[in-house]
Amino acid sequence: MANDLWIRGVVLIILGLIACIAGLVMKLYAATRRPYPGYAEAKVVDIISVERDRYAEARFRNRQAAVFEFYADGKLIKIVDREDSYPCPYHLYQRIRISYDPANPEQYRVITAERERILAVILNAAGIILILIGVVIFILYASRYIL
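Parameters and conventions
- Residues numbered from 1 in each chain as written.
- Predicted model: local features only at pLDDT ≥ 70, side-chain atom pairs only at ≥ 80, totals over all residues.
- Heavy atoms only, no water.
- Patch = residues over 30% accessible without salt bridge, like charges linked within 9 Å, V, L, I, M, F, W, Y side chains within 5 Å.
- Areas by Shrake-Rupley, 256 points an atom, 1.4 Å probe, with all protein chains shown as cover.
- Salt bridge = Lys/Arg side-chain N within 4 Å of Asp/Glu carboxyl O.
- Helix = DSSP H or I, 4+ residues; strand = E, 2+ residues; numbered from the N terminus.
- Core = buried A, V, L, I, M, F, W, Y, C linked by side-chain atoms within 4.5 Å.
- Buried < 20%, exposed > 50% of the residue type's maximum accessible area, 1.4 Å probe, protein only.
- Pairing = 2+ DSSP bridges.
- Phe/Tyr/Trp six-rings, centres within 6.5 Å; stacked < 30°, edge-to-face > 60°.

Undergrad: What's the story with a nonpolar patch on the surface in this structure? I'm lost.
TA: A cluster of nonpolar side chains, contributed by Trp6, Ile7, Val11, Ile14, Leu15, Ile18 and Phe138, occupies part of the molecular surface with about 620 Å² of accessible area. When residues in the nonpolar patch are grouped by element, the largest group, 6 residues, is from helix H1 (residues 2-32). Position of Ile14 relative to the elements: it lies in helix H1.

Undergrad: Explain the nonpolar core here, please?
TA: Across soluble globular proteins, nonpolar side chains show a tendency to be buried alongside one another. Of all hydrophobic cores here, the largest spans 16 residues; its most connected members are Phe68, Phe70, Tyr90, Ile96, Ile98, Tyr108 and Val110. Looking at this core, the elements that each hand over two or more residues are strand E1 (38-51), strand E2 (62-72), strand E3 (75-80), strand E4 (95-101) and strand E5 (104-110). The element best represented in this core is E2, accounting for 4 residues.

Undergrad: I would appreciate a short explanation of the pairing of E5 in the present structure.
TA: Of the strand pairs in this sheet, E4 and E5 are connected by 4 bridges, and their pairing is antiparallel. Bridge assignment links Tyr100 to a residue of E5, and that residue is Tyr108. Linkage of E4 to E5, two consecutive antiparallel strands, is achieved through a turn of 2 residues.

Undergrad: I would appreciate a short explanation of the packing of aromatic side chains in the present structure.
TA: When we look at a pair of aromatic rings, we describe it by the centre distance and by the angle of the planes. The final tally for this structure, using the stated rule, is 3 aromatic pairs. Taken together, a centroid distance of 5.3 Å and an interplanar angle of 75 degrees make the contact between Phe68 and Tyr90 edge-to-face. Linking Phe68 in strand E2 with Tyr90 in the loop between E3 and E4, this pair joins segments that are 22 residues apart in sequence. Pair check on accessibility: Phe68 and Tyr90 agree, each one buried. Arranged with centres 5.9 Å apart and planes meeting at 80 degrees, the rings of Phe68 and Tyr108 form a pair that is edge-to-face. Remark: Tyr108 occurs in strand E5 and Phe68 occurs in strand E2; sequence separation between them is 40 residues. On the basis of relative accessible area, Phe68 is assigned to the buried category, the value being 0%. Among the residues examined, Tyr108 registers a relative accessible area of 4% and is labelled buried. An aromatic cluster of three or more residues is present, and its members are Phe68, Tyr90 and Tyr108.

Here it is as structure tokens:
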């Protein structure tokens with residue numbers, strides 16, 4: 001019975017380490033999927049009305065566009081979102097992650113890889129919990145022989 005506790009504790013610690021490593025790999029994978037090397041957190045500072053292209057197949061003449069503000073190499077950049085939508089998918093003062101071209105910060109893409117980021121957080125949390133449970137079980141095993 002005592003050896004079972006030791007084995008279970010070690011197995012849980014190993015599974016926890018594997019889950020943490022998988023979370024790190026998922027985080028690195030999400031980082032490599034960025035279209036541009038630059039990375040910043042932008043803030044929506046305004047929502048403006050922009051006239052659509054006259055060839056746009058839309059019911060309305062105007063669209064709502066978010067104005068993003070972010071720092072690229074210490075320089076403040078303000079850009080208008082190119083996404084053609086009505087209403088605007090962002091709200092005022094919302095923070096979003098963007099990937100941008102350092103040579104031309106006006107070339108950007110909003111990072112929507114939230115699924116990979118959430119999965120990485122879940123894997124890391126599960127790994128930490130498994131490691132803690134394994135350590136507790138291992139301490140229970142060790143306390144039988146110490147006390």
